[in-house]
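# Observations on the model geometry
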Amino acid sequence: MTLFELSIEYRAQAEVLRTRIRELQTRLPELEPDQRSTMEARLRMLTAMWREARDLAVFCERYYDRGYRRNGRYTI
């Protein structure tokens, strides 16, 4: 599997995560306060996972581009 193919997988996963985040955000107002705090914690985790998948997709698809300034988070 090439890095570009891997980037496609990361993008697909990021889209799945984003869809789930939107779905849960629409259900948030109707929850009880204790359920709401649990859901907010879950949304924070899913948002972090979405952001990381999105960033890794860009990193993998542009890894070999000469002018691409890499994200310092994923370099050694």
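The structure under discussion appears in the preceding block.
Quick summary incoming for the structure in this document. Predicted, not measured: the structure shown is a model, and the values here were computed from it.

Now for the side chain of S7. The residue S7 is located in helix α1 (residues 3-27) in this model. A distance of 2.5 Å separates the side chain of S7 from the backbone oxygen of F4, its partner in a polar contact.

This brings us to helix α2 (residues 33-61). Count 3.6 residues to each turn of an α-helix, and residues three or four apart come out pointing the same way. For α2, which comprises 29 residues, the first-to-last C-alpha distance of 42 Å matches the rise-based estimate of 42 Å (1.5 Å per residue) to within 8%. Residues of α2 that are buried: M39, L43, L46, W50, A53, D55, L56, A57, F59 and C60. Buried-residue contacts for α2 involve α1.

The next point concerns the packing of aromatic side chains. Applying the stated rule across the entire model yields two aromatic pairs. With a centroid separation of 5.5 Å and 75° between ring planes, the pair formed by F59 and Y63 is classed as edge-to-face. Relative accessible area serves as the criterion here: at 30%, Y63 is assigned to the partly exposed category. Ring geometry for Y63 against Y64: centres 4.9 Å apart, planes inclined by 90°, an arrangement best described as edge-to-face. The exposure class assigned to Y64 is exposed, which follows from its relative accessible area of 66%. Here the aromatic residues F59, Y63 and Y64 are joined through ring pairs into a cluster of three or more. The aromatic ring of W50 is capped on one face by R54, whose charged end is 4.5 Å from the ring centroid.

Looking now at the packing of α1 against α2. Between α1 and α2, whose axes approach to 8 Å, the crossing angle comes to 155°. Of the possible angle classes, the one that applies to α1 and α2 is roughly antiparallel. When the axes of α1 and α2 are compared, the crossing they make is left-handed. Of the residues in the contact of α1 with α2, the class split is 18 nonpolar, three polar and seven charged.

With eleven residues, the main nonpolar core is built from A14, L17, I21, L24, L28, L31, M39, L43, L46, W50 and A53. Those elements giving two or more residues to this core turn out to be α1 and α2. Here the element with the most residues in this core is α2; it accounts for five residues. Setting aside residues up to four positions removed in sequence, L31 forms contacts with R36 and M39.

The rules behind the values
Residues numbered from 1 in each chain as written. Predicted model: local features only at pLDDT ≥ 70, side-chain atom pairs only at ≥ 80, totals over all residues. Heavy atoms only, no water. Helix = DSSP H or I, 4+ residues; strand = E, 2+ residues; numbered from the N terminus. Polar contact = N/O pair within 3.5 Å; in protein donor to acceptor, adjacent residues only side chain to side chain. Expected span 1.5 Å × (residues − 1). Buried < 20%, exposed > 50% of the residue type's maximum accessible area, 1.4 Å probe, protein only. Contact = heavy atoms within 4.5 Å. Phe/Tyr/Trp six-rings, centres within 6.5 Å; stacked < 30°, edge-to-face > 60°. Lys NZ or Arg CZ within 6 Å of the ring centre and 35° of its normal. Axes fitted to C-alpha atoms, helices over the stretch in contact; angles between N-to-C directions. Parallel < 35°, antiparallel > 145°, perpendicular 65-115°, else oblique. Left-handed = near helix turned anticlockwise from the far one by under 90°. Nonpolar A, V, L, I, M, F, W, Y, C, P; charged D, E, K, R; others polar. Core = buried A, V, L, I, M, F, W, Y, C linked by side-chain atoms within 4.5 Å.

Function cannot be read off these values alone, since they describe shape.
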